[in-house]
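# Results of the structural survey
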Amino acid sequence: MIPISLTIKGLFSYQKEQTINFARLIEGQLFGIFGSVGSGKSSVLEAIAFALYGETERLSTRDDRNYNMMNLKSDELLIDFVFSNFDEKQYRFIVKGKRHGKKFEKVNTFDRSAYKFENGMWQPLEVTTATPLLGLSYENFRRTIIIPQGKFQEFLQLTDKARTEMLKDIFQLDKYDFFQQTASLERKNNEVIQRLKGRLSVFEGINETYVGLALQKLQSLAAEVSTMKAELQQRESDLKEQEILKRLFEDLKTAENSYKQLHLKSSEYQQLKQQLSDYEYCERYFKVNIQRAEELATGIEKRKESLKEYQYKLKNCETLLMEQQQELANITLKYQSLELLNQKRNDYRTALQILQLKEDIDHLSGRIIKGKEFVHKAQQEKIYREKIALALREKLKKKRNEKLDLNTLSQIKNWFTSREHLEKNKKTSQLALDDITGTLKQLESTIDDLLVGVTTPIQNHKESLDTRIKTIDFELDKLSNEIAHARMQVKLGDFVAALQRGEACPLCGALEHPQVMVLEDVENQLQQLNAKSVHLKDERNLVQGLIRQLEILDGKKATILKSRDELLFRAESDEQALQVHFQSFIWESTCGRDDARTIDRLLEEHKTAEKELERLELEINENDAILKKAEIDRDQYEIGIQKIVAEERVKVGALNMLTKQLHNLSEDEVYQYDKNYLENSILDIDSESKAIVDQYEQLQALVQEEQQLKVSLEARFQAVNENLAAEQERLDFITDQLRGSLSKSKYGSLNEVKNILNLAIAVEEVRSSVDLFFQQLYNAKEQYTKLATEASDKVYNEELFLRSLSTYEVLRDRFNQEQEKYAAAKADYDRLLKQLEEKQQLEDDLARLQHRADNLTILKSLFKGSGFVSYISTVYLQQLCEAANKRFYKLTQQQLRLEVTDKNEFQVRDYLNDGKTRLAKTLSGGQTFQASLSLALALAESVQQQNRSKQNFFFLDEGFGSLDRESLAVAFDTLKTLRNENRIVGVISHVEELQQEIDVYLKVKNDPFTGTQISGSWEIK
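Residues numbered from 1 in each chain as written. Predicted model: local features only at pLDDT ≥ 70, side-chain atom pairs only at ≥ 80, totals over all residues. Heavy atoms only, no water.

By the naming in an unreviewed UniProt entry, the chain is AAA family ATPase, taken from Olivibacter oleidegradans.

Structure (structure tokens):
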């Protein structure tokens, strides 16, 4: 648990509302809450504990807690506590209470509520205590997180039973209480044993002799089935030979018909075969050269255009190069004279340093003179303040005898103050009610404006907009599929365009492409789909934005309506409270109900006297502070003068060294210059030098770049010219090849060849079709010839085949009947064998469960009376002791260690006395503090690890004033070590020395009129 904020009003001495923001306190890891006795320091912890658990350390329900907790000058109580839990969620606990309107001593039951911060709002919780959230009861909460006065040493001094119960609660050790689980297992095990005995009673007649008789019967039936099976197999073999002969004659007739049909189509396929041969010849001897000749002619035209372009660029490049070379020659002269400028600049920089050192030396000399004057003044101030201190203390002693009794005056003043407060509350409630009514109207107008154009009723607008979102999402999913399909078509088109005959396919790697895919242009369709998708997404964003705005406005409206109802109730309550207050006025003899000035005058006189006393005390404190400061100032001034003298000597030495580094200037000339002039001159020289260098380097780069461009253009021009000649030569060569190929062929012209190639025959497909046909024709002829030869010396008799088939079927039916008898006997034997095995398994299981029952009886006796939980508690206590010793052993300078005895009590091993042990009660006050703190930190760390929280936090409200000086010093040193650990510790004390050791703290002061006031150390001047 990490606290975030705490608001207190009307609790104990807190009359007016006070808020603590823990952010600044937590930054320092270790912080304090300081104030005098009775100022209200411990009430901070009381408020936190009461908000979380409804319990306080000082009061119980028997003490009329509600009345005694509420400030006697307040009619309302408020505790508002916000914290972050180990689950990194924020929680808020609020306690509100009111005094009865007519009976001052009666305070109504406090209202308690809890919230969790989710989705930007405080969501109410069903629980009103922090036990389920923190995992700690109130008793253990004040032992591990908030430790009140007098309870810091409680864990060290608890009895064995109380400490065990505490550890059991904090670490949920109930999970190790296995007695009930063991008893339950024993009961279930006994139930299973009884069920097994019941199941075994079913198998009393099953034994090995009975199973043997069934086996003999089964073997007899098996021999008979085997004899019939042999005869049936012989009949089946004869029948298969006749079936093979029948299929042979049927296949012969089918082959004869197939051969005749294929022979009729042979002339058509001969003509297709000749056409394919012509196409392949042209493709082999003409196609590549014709395509290459056309490509070369196109390339020659493009290269002629490139030659003209390169000639124009080369001429422009030569002209620009000449101009840049001339500029480079001019700037080179300036570049060579840069050394003189650099020397002049260095002298100016040295002169600038000399002037600065001269000013510093003069300034230091003046400081030495003034410092000596301050030393004298500080000594005079010290003597003067000592005299004033003596006079002020005498005056304070005299004034303290002049105090007025203001018991009745305070009661009357409180009555007038309460009246003013009630009237102010009434006015404030009415103004707030008017404001919130206006806000509600404005919010309803905003919702109406936002729903302009929405045709559905206001109650159904969210459902309508959600439906539109779902429709748009459905259309976007559909468009996404269409876009993906279109993109796939475009990508496949790129691969199709890259296919070349004889080259490997980029997708499958095939060298032949018999069926090239033809794709349509889908670019326009893809653009339309993308545009439609963008439009739908824009519309969806608009609808979602409208839904979010409406949800926010609806939430605000509900909050405003709730606040309006609360304000109406508050206004009525304020009016009733004011009337009751008027009736409680009983001091008519002193002043009238409307006469507040008399009381104010009397109180003002008393207040003036009090202020005079406070002023004198303040003046004494201020005078003492000034006296102490005068002594410190005198010592500091003397030390400061010595440092200034040493600094002056160093700067004089540096000045002499810089004077010797001048080249073209003398020391006298340096002092004639102004610092601004030197700085501007250095900047001018730097600017001039940089401009010359930049221009020189830029021109060099430009000339080099232009020269490289010229060489590149000349090379490209030459290369294009050479490529043009080479391509023309290749075109002439290919033309000659085409003429030679034409003369050797049967074709009269290239146009005839091109017409044949334009047929675009799918060569592989047509060749496959032709080859398949002639292969089928050959196979049909071969099959017919083979079957005719095989059947030439054989005869098939259909009547003999049918008679054999009938005999086989009769024998097969008899065999099936015998086989069914064998199967029934086999099933009966298997059932008996399985039952015998099941009986044996049940007997084995029964023996195993009876053995388990004996073990469970032993375990049950071990876990009886929470014995195992006590053992685990001892283990946890030893672990806590070891964790505490890591700090305690260090804090005691390796002199003491804590140990746990066999009775779970703490003892101390004293290494200053040969490592002998003694009771923890024998520790000194400081040692007890160290031991208690070490145990508390170890316990807090264990809770942190159990809850997996990132930081460790606890509050310590301990009476440090009860410690002697030595023990107090030990306590201070112990608390300082906490700054270096990843934990947050808050300390409450009235000891002033402790305040000086802690940088970040809260100052608590109890004002007799306004109650307790809280201010942070960062707010105190």
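Following the structure, the description resumes.
What follows is about a nonpolar patch on the surface. Taken together, the side chains of Ile858, Leu859 and Leu862 make up a nonpolar region of the molecular surface, amounting to roughly 280 Å² of accessible area. Among the secondary structure elements, Ile858 is positioned in helix 20 (residues 798-863). (Patch = residues over 30% accessible without salt bridge, like charges linked within 9 Å, V, L, I, M, F, W, Y side chains within 5 Å. Areas by Shrake-Rupley, 256 points an atom, 1.4 Å probe, with all protein chains shown as cover. Salt bridge = Lys/Arg side-chain N within 4 Å of Asp/Glu carboxyl O. Helix = DSSP H or I, 4+ residues; strand = E, 2+ residues; numbered from the N terminus.)

Time to look at the nonpolar core. The tendency in soluble globular proteins is for nonpolar side chains to be buried as a group. Residues Met1, Leu6, Leu52, Ile79, Phe93, Phe141 and Phe955 are the most contacted members of the largest nonpolar core, which totals 52 residues. Considering every element that reaches this core, the biggest residue donor is helix 2 (residues 42-53), with nine residues. Non-local contacts of Met1, meaning those with residues more than four positions away in its chain, are made with Leu52, Phe81, Phe83, Ser84, Asn85, Leu134, Phe141, Ile145 and Phe953. Counting residues in hydrophobic clusters, the runner-up holds 32 residues, among them Cys317, Leu713, Val720 and Val766. (Core = buried A, V, L, I, M, F, W, Y, C linked by side-chain atoms within 4.5 Å. Buried < 20%, exposed > 50% of the residue type's maximum accessible area, 1.4 Å probe, protein only. Contact = heavy atoms within 4.5 Å.)

A word on the pattern of salt bridges. Taken as a whole, this structure holds 27 salt bridges when the rule is applied. The partner of Glu256 in a salt bridge is Lys260, with the nearest N and O atoms 3.5 Å apart. Note that Glu256 and Lys260 are positioned in helix 9 (residues 208-264) at a spacing of four residues, about one turn of the helix. On the accessibility criterion, Glu256 (30% relative accessible area) is partly exposed. Ionic pairing is found between Glu575 and Lys426, a salt bridge with its closest N-O pair at 2.5 Å.

The subject of this paragraph is the sheet that holds strand 7 (residues 121-124). Pairing between the strands of a sheet comes from backbone hydrogen bonds, and it takes one of two forms, parallel or antiparallel. Read across the open sheet, the six strands follow the order 2-1-4-5-6-7; overall the sheet is antiparallel. Two strands in the sheet have a free side with no partner beyond their single neighbour: strand 2 (18-21) and strand 7. This sheet shows a mean twist of 20° between the axes of neighbouring strands, independent of strand direction. Pairing of strand 1 (residues 2-9) with strand 4 (residues 76-84) involves seven bridges; the strand directions are antiparallel. Among the inter-strand pairings, Ile2 is bridged to a residue of strand 4, identified as Ser84. Set on the sheet, helix 2 makes contact with strand 1, strand 2, strand 4, strand 5 (90-98) and strand 6 (111-118); between it and strand 4 the angle comes to about 80°. (Pairing = 2+ DSSP bridges. Axes fitted to C-alpha atoms, helices over the stretch in contact; angles between N-to-C directions.)

Over its twelve residues, helix 2 extends 16 Å from the first C-alpha to the last, a length consistent with the 16 Å expected when each residue adds 1.5 Å. The buried count for helix 2 comes to twelve of twelve residues, which makes it a mostly enclosed element. When helix 2 is considered as a whole, its buried residues turn out to be Ser42, Ser43, Val44, Leu45, Glu46, Ala47, Ile48, Ala49, Phe50, Ala51, Leu52 and Tyr53. Phi for Gly54, located one or two positions after helix 2, is positive at around 70°. (Expected span 1.5 Å × (residues − 1).)

Moving on: a positive patch on the surface. Together, Lys96, Lys98, Lys562 and Arg570 make up a region of like positive charge exposed at the surface. Contributions of two or more residues to the positive patch are made by strand 5 and helix 14 (523-583). You can see Arg570 is positioned in helix 14. (Lys, Arg positive; Asp, Glu negative; His and termini not counted. Charge placed at Lys NZ, Arg CZ, Asp CG, Glu CD.)

An ideal rise of 1.5 Å per residue puts 104 Å on 70 residues; helix 17 (residues 675-744) measures up with 102 Å between its terminal C-alpha atoms. Of the residues that open helix 17, the one with a side-chain oxygen 3.0 Å from the backbone nitrogen of Asn676 is Asp674. (Polar contact = N/O pair within 3.5 Å; in protein donor to acceptor, adjacent residues only side chain to side chain.)

What follows is about the packing of helix 10 (residues 266-336) against helix 18 (residues 750-757). One can describe the packing of helix 10 onto helix 18 by two numbers: an axis separation of 9 Å at closest approach and a directional angle of 115°. Our classification of the angle between helix 10 and helix 18 gives roughly perpendicular. The handedness of the crossing between helix 10 and helix 18 comes out as left-handed. On the side of helix 10, the interface is formed by Asp278, Tyr279, Cys282, Glu283, Phe286, Lys287 and Ile290, while helix 18 contributes Leu750, Val753, Lys754, Ile756 and Leu757. Residues belonging to the contact of helix 10 with helix 18 are distributed by class as follows: eight nonpolar, no polar and four charged. (Parallel < 35°, antiparallel > 145°, perpendicular 65-115°, else oblique. Left-handed = near helix turned anticlockwise from the far one by under 90°. Nonpolar A, V, L, I, M, F, W, Y, C, P; charged D, E, K, R; others polar.)

Under the UniProt annotation, "coiled-coil region" (unreviewed entry) lies at residues 215-265, 290-358, 599-633, 696-737 and 808-859. Span residues 215-265 is 98% helix and 0% strand, its end C-alpha atoms 71 Å apart. The span residues 696-737 is 100% helix and 0% strand, and its two end C-alpha atoms sit 61 Å from each other. (UniProt positions renumbered as here; feature names shortened; annotations may be inferred.)

Buried residues dominate strand 10 (residues 906-910), accounting for four of its five residues. When strand 9 (residues 896-900) meets strand 10, the two strands line up antiparallel, connected through five bridges. Looking at strand 10, one finds that Arg897 is bridged to Arg909. Taken together, strand 9 and the strand that follows it, strand 10, pair antiparallel across an intervening segment of five residues, in which Asn904 is found at a positive phi of about 60°. Alignment of strand 10 against strand 11 (residues 916-919), held across four bridges, turns out to be antiparallel. Across the sheet, residue Asp910 finds its bridge partner in strand 11, namely Lys916. With antiparallel pairing between neighbouring strands as the criterion, strand 10 and strand 11 make up a hairpin whose turn holds five residues, including Asp914 at a positive phi of roughly 60°.

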